[in-house]
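Fold and contact review
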Amino acid sequence: MDKILVLDFGGQYDQLIARRVRGFHVYAEIKPYDKITTEEIRRAGYRGAIFTGGPNSVYGDGAPRCDRQILSLGIPVLGICYGHQLMAYLAGGTVAPAASGSEYGKTKLRVKDSALFRGVPEESVCWMSHTDAVTELPPGFAAIAASEKCACAAMEDETGRLFGVQFHPEVTHTEQGGQILRNFLFEICHCRTDWQMDDFITSAVEHCRRTLSGKSVLLALSGGVDSAVAAVLLQKAIGDRLTCVFVDHGLLRKGEGDFVEKTFGGTFGIRLIRLNAGARFLEKLQGVREPEQKRKIIGAEFIRVFEEEARKLGKPDVLAQGTIYPDVIESGKGDSAVIKSHHNVGGLPERMAFEQIVEPLRDLFKDEVRQIGQKLGLPAALVYRQPFPGPGLGVRIIGEITAQKVALLQEADAIFRAELEAEGEHLADQYFAVLTDTDSVGVMGDARTYGATVALRAVCTDDFMTAAWSRIPYDVLERVSSRITNEVPGIVRVVYDITSKPPATVEWE
């Protein structure tokens, strides 16, 4: 099987690069830059390598750098953003702060003739995110693309089959990104399309069967597609040694607890234990306003609840979770920057009563998990269910969390979701309401009111690493606003969030 090495230098999009490669049915393997040697790369037989982005400057003290001999192995290399700069630095070029200033977001790109840009229009839009730039090309390299502020937006050493791009071809905002990656894989690396999603299912089940032999497993079931797919994979691997525990922390969407219990305990016949712990979580969160602290409190309390249940069940050996890669990367991985901790990753307490944690989906994106769900026979209503963060409404209530605020947000969120679903058209990939900590003046029945402000959030995305705000029709937004302010006492104002990711994240906290 042909495979591509993705050498990770701490970029936020390293797994997205691998996702794009796998989307072309070519196997991609991610390795931290300091965990694999040049000789190991040589022996592994990779068809090519991709250097990822990263938050550092290549000329800075302690910047992540690989052995320059990787560039001489005879396999094609594509450097992206930091990887582009690192390639130039290792090959003898110069990298410095961009003289014309930083570039962020959508940028017009002009390309020259190159194998990397075959089939790419001379002008298109790419996604930039950099403060440094290649200011002097290495010997043997030529610039093959430019933007208004960046004279070397891409470079190549045609003889050595070395390519660098300052922009991010892996994100959907780069119009020709797919074609550029396709060219690298097939025109330059000459890869075959011999990897399928079925391969992941087979290997994941076999890996769990082997590593969990004789062990009992407690699965944290949220009711979402991630934990549902994890449950089915584990059930295939270990059968009745799996017990699913659903913690209702009181921060779920309206009616969600009953839905989860009915679906998994009834329809699927999975051994399910429901724990109603809303009062316990609210007590722990009393007076807490800072979002990272909320996440860590919720994460710690989750584990404590599981530990207590595990003792009742005879102390299972392993905790299983439906963690996926966007959770991991936003919580900080290797040299990547921490954006926010997820309750099932960065929020885990240091000491736990389980000897092992298993996360069979931690290297996958949401769309890949859904593909697996379909192949495993899960119903479409579950596979395409709205994403919901583990901390639930706890990270959709800005400021202190109270039972009253939870009730307000549950009602407003239910109205927003119901109206969008009633449209019958695909308006967004994720949509929800946020209860802000801003109160404002209103007028109802000729009387002055003073109440809460709800923000509506809806985004379009296929990987949840980048997202664009959804252009929901005004009449739909008007109907949602009218219903919320009329049907939910205490809410007097509704606003709509029109910020994409980046610079924002999908969630507010």
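Values in this document were obtained by computation on a predicted structure and should not be read as measured data.

Okay, the sheet that holds strand E16 (residues 356-358) next. The sheet built from 5 strands is open, its strands ordered E14-E13-E12-E15-E16 with parallel pairing. Because the sheet does not close on itself, it has two edges, and the strands there are strand E14 (272-276) and E16. Neighbouring strand axes in the sheet, compared pairwise and without regard to direction, differ in orientation by 25° on average. Both strand E15 (residues 318-320) and E16 contribute to a ladder of 3 bridges, which runs parallel. Directly across from alanine 320, in E16, lies its bridge partner valine 358. Its contacts with the sheet put helix H6 (residues 225-238) on strand E12 (217-220), strand E13 (242-248) and E15, and the angle it makes with E12 is roughly 165°.

Time to look at the confidence of the model for the protein. Residues shown with low pLDDT carry predicted positions that ought not to be read at fine detail. The predicted model of the protein averages 89 in pLDDT, with 94% of residues at 70 or higher. Below pLDDT 50 for its whole length, residues 336-349 participates in 60 contacts with residues either more than four positions away or in separate chains.

Counted at 1.5 Å a residue, the expected span for helix H14 (residues 474-487) with its 14 residues is 20 Å, and the 20 Å between its end C-alpha atoms agrees. Listing the buried residues of H14 in full gives Val476, Leu477, Val480, Ile484 and Thr485. An end-on view of H14 places all buried positions within 155° of arc, on one side of the element. For H14, the exposed residues set more than 90 degrees away from the buried face come down to Tyr474, Glu478 and Asn486. Structurally, H14 contributes buried residues whose contacts are with helix H13 (403-422), strand E17 (430-444), strand E18 (447-460) and strand E20 (491-496).

Cut-off values and rules
Residues numbered from 1 in each chain as written. Predicted model: local features only at pLDDT ≥ 70, side-chain atom pairs only at ≥ 80, totals over all residues. Heavy atoms only, no water. Pairing = 2+ DSSP bridges. Helix = DSSP H or I, 4+ residues; strand = E, 2+ residues; numbered from the N terminus. Axes fitted to C-alpha atoms, helices over the stretch in contact; angles between N-to-C directions. Contact = heavy atoms within 4.5 Å. pLDDT = per-residue confidence, 0-100. Expected span 1.5 Å × (residues − 1). Buried < 20%, exposed > 50% of the residue type's maximum accessible area, 1.4 Å probe, protein only. Arc of directions from axis to C-beta.

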